[in-house]
Amino acid sequence: MSVKIAVVGATGVVGETIVRVLRERGFAGDLGLFASRTRENVRATSDEALKPYDAVFFAGTEDASEKYAPAILQRGGIVIDNSSTFRMDADVPLVVPEVNAHAMRPEDRLFPVGNCTAIILCVALAPVRDAAGLRSVQVATYQAVSGAGRAALEEFDRNEGNVVRNVVPHIGTFGDDGSTGEERKVREETRKVLELPDLPVDVTSVRVPVRTAHSEAVFFETERAATVEALAAAFEKAPGIVFHRKGIVTPRDVEGTDEVHVARLRPSGEKRFQMWIVGDQLRKGAATNGVQILEKALALRSVSA
Ligand SMILES: NC(=O)c1ccc[n+]([C@@H]2O[C@H](COP(=O)([O-])OP(=O)(O)OC[C@H]3O[C@@H](n4cnc5c(N)ncnc54)[C@H](OP(=O)(O)O)[C@@H]3O)[C@@H](O)[C@H]2O)c1
């Protein structure tokens with residue numbers, strides 16, 4: 001049976017990437033394309049219009065999934081949601097397939113896709129956790145403009161907005177503790193995906209004048225003594241990672257690819273290390289991660305049927 005798939009938010013930067021990744025990975029049938037209003041090839045979103053679909057990707061605002069997901073789940077459909085609405089719900093798995101695919105149960109229907117910066121970070125930290133344990137993580141991010149959506153990207157392309165000739169350490173809303181919403185999401189979601197609920201994770205998130213792909217300078221402490229060679233070997237056999245023993249990697253190098261690139265791994269002490277990681281946040285940080293989840297959910301469903 002072929003699966004009928006819809007994408008809500010199909011005119012946005014994540015939505016268009018979801019459509020591209022679905023096609024690349026062999027989902028060949030008609031896709032339902034939805035946005036806030038109707039225009040050529042795209043329809044306005046409503047409960048009624050989404051009824052024929054077995055699986056619905058949300059790449060719209062937070063309220064879109066909050067409003068439309070319940071009816072889809074009620075009739076047994078699959079929801080894959082790029083917003084943060086359901087990510088931290090205790091009963092809902094937050095899945096990065098290379099890291100915690102085991103968290104998906106055959107009965108699950110609702111799959112949030114994690115924060116893009118957190119996904120890239122978790123792919124890179126999982127081999128460290130498995131090889132030597134993780135005691136703490138500090139990360140400074142260098143986040144692309146497309147992370148703020150199509151309008152921000154178009155503004156940047158017109159050479160307008162506060163990130164032109166600038167870097168801006170403010171992504172999301174400031175909370176009482178001085179952290180931003182983005183920084184809180186990265187901390188909490190990293191703990192959930194890595195299944196290390198007490199892991200200290202300190203984050204400073206910065207918008208930089210780059211179109212696509214997020215970079216992160218990551219400083220971590222392991223539980224057990226480790227060597228660069230042992231960690232390098234772990235990265236080289238980890239799924240979804242390209243490990244660079246030498247040289248650097250930049251956002252322009254990884255745009256349009258699905259792997260997380262790890263470079264500049266070096267020691268700061270017996271249990272302390274630094275690395276530089278880069279990933280295309282529209283693909284692995286959003287669309288590809290979501291499509292991988294759909295593939296796994298369909299496989300689980302056919303096994304349990
Ligand atoms: N950009 C990233 O790197 C990234 C990464 C991970 C997760 N996310 C998340 O993914 C989601 C989409 O982000 P984006 O960057 O792709 O945004 P975007 O480029 O601004 O696109 C937003 C899309 O949502 C649609 N939309 C807005 N309100 C809607 C409504 N009430 N009902 C149905 N559709 C609606 C828009 O349609 P119209 O064209 O009709 O306005 C547009 O297609 C957000 O939750 C974001 O936090 C983004």
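Rules of the game
Residues numbered from 1 in each chain as written. Predicted model: local features only at pLDDT ≥ 70, side-chain atom pairs only at ≥ 80, totals over all residues. Heavy atoms only, no water. Near = heavy atom within 4 Å. Polar contact = N/O pair within 3.5 Å; in protein donor to acceptor, adjacent residues only side chain to side chain. Areas by Shrake-Rupley, 256 points an atom, 1.4 Å probe, with all protein chains shown as cover. 1 Å grid on protein atoms, 1.4 Å probe; cavity = no way out; pocket = protein on both sides within 12 Å on 5 of 7 lines; lining within 4 Å. Sits in = over half its atoms within 2 Å of the grid points. Helix = DSSP H or I, 4+ residues; strand = E, 2+ residues; numbered from the N terminus. Nonpolar A, V, L, I, M, F, W, Y, C, P; charged D, E, K, R; others polar. Core = buried A, V, L, I, M, F, W, Y, C linked by side-chain atoms within 4.5 Å. Buried < 20%, exposed > 50% of the residue type's maximum accessible area, 1.4 Å probe, protein only. Contact = heavy atoms within 4.5 Å. Pairing = 2+ DSSP bridges. Axes fitted to C-alpha atoms, helices over the stretch in contact; angles between N-to-C directions. Right-handed = clockwise from strand over helix to strand, strands pointing away. Parallel < 35°, antiparallel > 145°, perpendicular 65-115°, else oblique. Left-handed = near helix turned anticlockwise from the far one by under 90°. Arc of directions from axis to C-beta.

Comments concerning the site of the ligand
- Close contacts around the ligand come from 27 residues, with Thr11, Val14, Ser36, Arg39 and Arg150 the closest.
- Between an oxygen atom of the ligand and a main-chain N or O atom of Gly12, the distance comes to 3.1 Å.
- Between the ligand and Gly147 there is a distance of 3.4 Å, counted from a nitrogen atom to a backbone nitrogen or oxygen.
- Bound to the protein, the ligand loses 77% of the 910 Å² it would expose on its own.
- If you map the ligand onto the pockets, it falls in the largest pocket.
- Put simply, the parts of the chain that give the shell around the ligand at least two residues each are helix H1 (13–24) and helix H10 (283–304).
- For the shell around the ligand, the per-class residue count stands at 10 nonpolar, 14 polar and three charged.

Some details on the nonpolar core
- With 66 residues, the main nonpolar core has Leu22, Phe220, Met275 and Leu294 as its most contacted residues.
- What Leu294 contacts, discounting residues up to four positions off in sequence, is Ile5, Leu22, Phe27, Ala55, Phe57, Ile78 and Ile80.
- Counting 16 residues, the second largest nonpolar core, distinct from the first, contains Leu50, Phe58, Tyr68 and Leu110.

Some remarks on the sheet that holds strand E4 (residues 55–58)
- Taken together, the six strands give an open sheet; going across it, the order is E3-E2-E1-E4-E5-E6, and neighbouring strands pair in parallel fashion. Strands at the two margins of the open sheet, each flanked by one partner only, are strand E3 (43–44) and strand E6 (110–112).
- When strand E2 (residues 31–35) meets E3, the two strands line up parallel, connected through two bridges. The partner of Ala35 across the bridge, within E3, is Ala44.
- Strands in contact with helix H3 (residues 62–74) are E4, strand E5 (78–81) and E6; relative to E4, the strand with the most contacts, it is inclined by about 170°.

Describing the pairing of E2
- Within E2, four of the five residues are buried, leaving the element largely enclosed by the surrounding structure.
- The sheet contact formed by strand E1 (residues 5–8) and E2 spans four bridges and is parallel. Looking at the pairing, Ala6 lines up with Gly32 of E2.
- At this point the chain moves from E1, through H1, to the parallel E2, and the crossover so formed is right-handed.

Observations regarding the packing of helix H5 (residues 116–132) against helix H7 (residues 181–194)
- Their axes nearest at 9 Å, the elements H5 and H7 cross at an angle of 40°. Regarding the angle of H5 to H7, the classification is oblique. Of the two elements, H5 crosses H7, and the hand of that crossing is right-handed. Together, Thr117, Ala118, Leu121, Cys122, Leu125, Ala126 and Arg129 of H5 and Glu182, Val186, Glu189, Thr190, Val193 and Leu194 of H7 make up the contact between the two elements.
- When the residues that make up the contact of H5 with H7 are grouped by side-chain class, the tally is eight nonpolar, two polar and three charged.

Thoughts on helix H6 (residues 150–157)
- Buried within H6 are the following residues: Ala152, Leu153 and Phe156. Looking straight down H6, one finds its buried side chains confined to an arc of 100°; they lie on one side.
- Among the structural elements, H1 are those in contact with the buried residues of H6.
- Note on H6: the residue one or two positions beyond its end, Asn159, has a positive phi of about 65°.

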